[in-house]
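Chain and residue survey
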There are 2 protein chains.
Amino acid sequence: MRIGIIGAGSIGLLFSWYLSEKHEVTLYTRTVHQADLINRKGVTLVKETEEVRKLPAKPMDEWVGGDDLTIITVKQYQLQEVLFQIEDKLDEAGSLLFLQNGMGHLKLIEKLQSSSIYVGSIEHGAVRESAARVRHNGAGAIRAAVFKGSLVRLEELANNAPEDFSIQVETDYYEILVRKLVVNAVINPLTAVFQVQNGILLANPFYRKIAMSLLEETLCVLETADKEKHYRDVVNVCEKTASNYSSMYADLSQGRRTEIDAILGFLIEEAEKRGVHCPYICNYYHMIKGKEFQGEVVT
Amino acid sequence: MRIGIIGAGSIGLLFSWYLSEKHEVTLYTRTVHQADLINRKGVTLVKETEEVRKLPAKPMDEWVGGDDLTIITVKQYQLQEVLFQIEDKLDEAGSLLFLQNGMGHLKLIEKLQSSSIYVGSIEHGAVRESAARVRHNGAGAIRAAVFKGSLVRLEELANNAPEDFSIQVETDYYEILVRKLVVNAVINPLTAVFQVQNGILLANPFYRKIAMSLLEETLCVLETADKEKHYRDVVNVCEKTASNYSSMYADLSQGRRTEIDAILGFLIEEAEKRGVHCPYICNYYHMIKGKEFQGEVVT
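The rules behind each value
- Starting from 1, residues in each chain are numbered consecutively following that chain's sequence as written.
- Chain labels run from A onward and ligand labels from 1 onward, assigned in the order the entries are written.
- Since the coordinates come from a predicted model, pLDDT governs what is reported: local features require at least 70, and pairs of side-chain atoms require 80 or more to be given and counted, while whole-chain, interface and lining totals use all residues.
- Derived side-chain values reflect all non-hydrogen atoms in the structure, with water molecules and hydrogen atoms excluded from consideration.
- Any two strands with at least two DSSP-identified bridges between them are counted as paired.
- To qualify as a helix, a DSSP run of H or I must reach at least 4 residues; to qualify as a strand, a run of E must reach at least 2; elements of each kind are numbered from the N terminus.
- UniProt positions are given in the numbering used here, feature names are shortened, and annotations may be inferred rather than shown by experiment.
- Burial classification: accessible surface area is computed with a 1.4 Å probe over protein chains only, and a residue below 20% of its type maximum counts as buried, one above 50% as exposed, and the rest as partly exposed.
- Each direction from the helix axis to a C-beta atom contributes to the arc, which is the arc of those directions.
- Contacts: residue pairs with any heavy atoms within 4.5 Å of one another.
- By convention, the term buried area covers the 1.4 Å-probe accessible surface removed from two parts as they join, with the contributions of both added.
- For this document, the term salt bridge refers to a Lys or Arg side-chain nitrogen within 4 Å of an Asp or Glu carboxyl oxygen.
- Whenever a nitrogen or oxygen atom comes within 3.5 Å of another N or O atom, the pair is scored as a polar contact, on the condition that within protein one atom can donate a hydrogen and the other can accept it, and that pairs from neighbouring residues in sequence are kept only if both atoms are in side chains.
- Under the scheme applied, nonpolar residues are Ala, Val, Leu, Ile, Met, Phe, Trp, Tyr, Cys and Pro; charged residues are Asp, Glu, Lys and Arg; polar residues are all the others, including Gly.

Comments concerning the pairing of strand 10 (residues 133-138) of chain B
All names here are of chain B. Pairing analysis gives 3 bridges linking strand 3 (residues 43-46) to strand 10, with the strands arranged parallel. Looking at strand 10, one finds that Leu-45 is bridged to Val-134. Bridge count for strand 9 (residues 125-130) against strand 10 is 5 bridges, and the pairing is antiparallel. Following the sheet pairing, Ala-126 is matched in strand 10 by His-136. A loop of 2 residues connects strand 9 with strand 10, the two strands running antiparallel in sequence.

Pasting the structure below:
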């Protein structure tokens, strides 16, 4: 099918490379420069070896819709701007798949007039090494579900996914996002603040204690029934990615904006709605905001 | 008068240098090596200029008491060992002045059989540059009060203090220690964790928010009436020492043990006694402990 991919960060490059094997993919970039580069050089995926795939790229300003499925891979804090650019032409945009972290984007996309909207989460580890080059660090799952409308395009995507880039269609979109949110809420801020690899959150008994307090509070805010499941999720990710640095650690250490608003910021809003006190969440939210602020002051 | 000073860290060196001007000072060191060095070279104080003062030093193993006043300058976590060494000869030890941070040492010293015990706090900034050399960074106050017994030796000390090293005799020892504890509880852990100078705790709006939450909780645990006074204390110290790095920041960055047990550890014990919930205090206690643990793992 015809797939448009909006956003050419690590996830956008990864999806465009893998999906272009069986689909007609167009990648939409923020800058003309990046689109030019990809049109000339293709997208390089680095795994055990390197492989280049040619695919067309266009700057986002040239987006007119017309694809069967559009996958939106930008960060949550860039989403509003993207929606503003596409909302007039949503009739032509076919189905939409949103891959943001957190859950704050749900309130933005529930207003959209598209017939079919999907949301998903990604467990792959990917780092953008340059404007047209992505390193695929760790294979993981991609889970997606219908947020509204028909399953057709999502099933077509899943049925034609490459073997090493499989897409699992789930029935409960809320469950997908909550599980990822809980893992992100604990691992991302703590590794970024402690400046450690994911595995250290379990290996250091004091950090582990903090991680459990933050987890407990997160589950309390989300009014989660099955706490054990989320505990296992966090432990599994820490163990499987023990020597990796989290995306928030990487963002902060490279002076980029983090996704803290989509993660702990969202939880603070939820806590306020429900009148729940959440000191650990507030503390780490302000710490990451403070570190972003220090970075801006320094640079 | 004859003054014994136990502990030759920054505070021990600072006191021995200043007090040896008008008193007969003996400095007691942990190691034979440091005592030898000081006996040979004297103690150097670095301020605008450098000045050496000769004074006798002895390793702690040779301590037999006999001074009119003994000033104990070791860290709180070293105090138990020192008390174990001196408790048999306390009859000969004259009056005692304890200069530890926090308040955890009160339960150790209240059992002592000495006739006169004083406690105090120090606002001077001092860094030990080598075994016999101390840099006096910022002049501040020294406050001391009777913990038990007679005021005589403390007044004698205060009346003969050098002009640039004045000692204020106060009436309420609890007040002295609480005020220092509150300032330490907020500034030390936060600057160490955020890795910033003291002034940044006010200048960064997110860090300031955290500082206020930690202050609020500390005052709640200590059941303090005059919150405004402690707030002003914290703000004053941050402003006056804006470009300084706190002692806990320095301890952590140099792989030394911090005084976190004497400060937040003490507050956690108090909170438990009183059934008060203190998530910020617990969080920063575990963060510092976790950082100490990481330091040990790495080195």
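There's more to say after this.
Regarding the UniProt feature "domain: Ketopantoate reductase N-terminal" (unreviewed entry) in chain A
Taking the numbering used here, the UniProt-annotated feature "domain: Ketopantoate reductase N-terminal" (unreviewed entry) corresponds to residues 3-145 of chain A. A helix fraction of 24% and a strand fraction of 36% characterise residues 3-145 of chain A, whose end C-alpha atoms lie 17 Å from each other.

Regarding helix 3 (residues 76-86) of chain B
All names here are of chain B. Burial in helix 3 covers these residues: Gln-76, Leu-79, Val-82, Leu-83 and Ile-86. The buried residues of helix 3 occupy an angular sector of 100° when the element is viewed end-on, so they sit on one face. Relative to its buried face, helix 3 has exposed residues pointing more than 90 degrees away, namely Gln-80, Glu-81 and Phe-84. In this fold, the buried residues of helix 3 make contact with strand 1 (2-6), strand 6 (69-72), strand 7 (95-98), helix 4 (106-109) and helix 11 (260-274).

Side note on the interface of chain A and chain B
Each partner contributes to the interface: chain A provides 24 residues, whereas chain B provides 24 residues. Taken together, the two surfaces of chain A and chain B that pack against each other cover about 2000 Å², and 66% of this comes from carbon and sulfur. Here chain A and chain B share 0 salt bridges between them. In this assembly, chain A and chain B are joined by 8 residue pairs in polar contact (both at pLDDT 80 or more). Among the secondary structure elements, those contributing two or more residues to the side of chain A that touches chain B are helix 6 (173-194), helix 7 (200-203), helix 8 (205-221) and helix 12 (279-298) of chain A. Examining the composition of the side of chain A that touches chain B, we find that 12 residues originate from one element, helix 12 of chain A, more than from any other. When grouped by side-chain class, the residues that make up the side of chain A that touches chain B number 15 nonpolar, 6 polar and 3 charged.

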